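Chain residues, written in single-letter form:
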Amino acid sequence: MQMKKSIFSVLQRIGRSFMLPIAVLPIAGLFLGIGSSLTNEATMSSLHLEAILQEGTFLYQFLTLLMLVGNIVFDNLPIIFAASVALGMTKKSKEVAVLSAVIAFFVMHATINGMLTINGIIVNNQIIDGKVLEGTITSVCGILSLEMGVFGGIIVGLGVSFLHNRFYQVQFPDILSFFEGERFIPIISTIVYLFVGIVTVSYTHLTLPTK
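Residues numbered from 1 in each chain as written. Predicted model: local features only at pLDDT ≥ 70, side-chain atom pairs only at ≥ 80, totals over all residues. Heavy atoms only, no water.

Within the secondary structure, S100 is located in helix α6 (residues 94–118). A relative accessible area of 1% means that S100 is categorised as buried. A polar atom in the side chain of S100 sits 2.8 Å from the backbone oxygen of V96. Aside from chain neighbours lying at most four places away, what touches S100 is V160, I185, P186 and S189. (Helix = DSSP H or I, 4+ residues; strand = E, 2+ residues; numbered from the N terminus. Buried < 20%, exposed > 50% of the residue type's maximum accessible area, 1.4 Å probe, protein only. Polar contact = N/O pair within 3.5 Å; in protein donor to acceptor, adjacent residues only side chain to side chain. Contact = heavy atoms within 4.5 Å.)

Below, the structure is given as structure tokens:
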């Protein structure tokens, strides 16, 4: 019974941590929808609004801005979820967990990019292996990495929150005391997600099977 309550409590906290990024999706979707539809030539023509919506007008430029704002939220949902899950799942010093999650997110994807470069799949930030499965590699915050979507952000958020709750009160000998406690969280997160990036590429089939 106690185990059931514990599991239910954890699931509740995970659910609550999803609420913050989900709350911004409607306004981002609204911006994206309005901006993209009203700057579309077919829509302008059907509504006979070319005079005020054509390219170069103030309204066209404003709608383009709305579209860009909405699009940037959807493009960066993984890192938004990573920070939000870390925020919701940690017990104390939540700001440290959020910063550590952002760092871990970049470390993981930079490591994946490095592994893909070492394997010869990426050269000069371009995919050169013609056998790579379509859709498996994408740009994540400007880094060519595996397409992990929001799931990748959730993995980072959950992992960092676990590390934070486990180590935020850790103590070291006096010579290393500067790195103890909260300062240790971004350090351990960086180390762990370096290896997560390596393992992710090592156990992912990116290329088409040879005949």
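What follows deals with the layout of surface pockets. What the largest pocket holds in volume is close to 180 Å³. Those elements that place two or more of their residues in the lining of the largest pocket are α4 (58–75), α5 (77–89), α6 and β3 (137–140). The element best represented in the lining of the largest pocket is β3, accounting for three residues. (1 Å grid on protein atoms, 1.4 Å probe; cavity = no way out; pocket = protein on both sides within 12 Å on 5 of 7 lines; lining within 4 Å. Points joined across faces, edges and corners; volume = space filled by probe spheres on them.)

On to the packing of aromatic side chains, then. The full count for this structure, using the stated rule, is six aromatic pairs. Seen in terms of ring centroids, F18 and F81 are 5.7 Å apart; in terms of plane orientation they differ by 65°. Their pairing is edge-to-face. Placement of the pair is F18 in helix α1 (residues 2–38) and F81 in helix α5, with a sequence separation of 63 residues. With centroids separated by 6.0 Å and ring planes inclined at 80°, the aromatic side chains of F105 and F106 adopt a geometry described as edge-to-face. What makes F106 partly exposed here is its relative accessible area of 33%. Three or more aromatic residues joined by ring pairs form one cluster here, namely F167, F172 and F184. Across the ring face of F167, the terminal group of R166 is positioned such that the distance to the ring centre comes to 5.0 Å. The ring of F178 carries the charged tip of R183 above its face, separated from the ring centre by 4.6 Å. (Phe/Tyr/Trp six-rings, centres within 6.5 Å; stacked < 30°, edge-to-face > 60°. Lys NZ or Arg CZ within 6 Å of the ring centre and 35° of its normal.)

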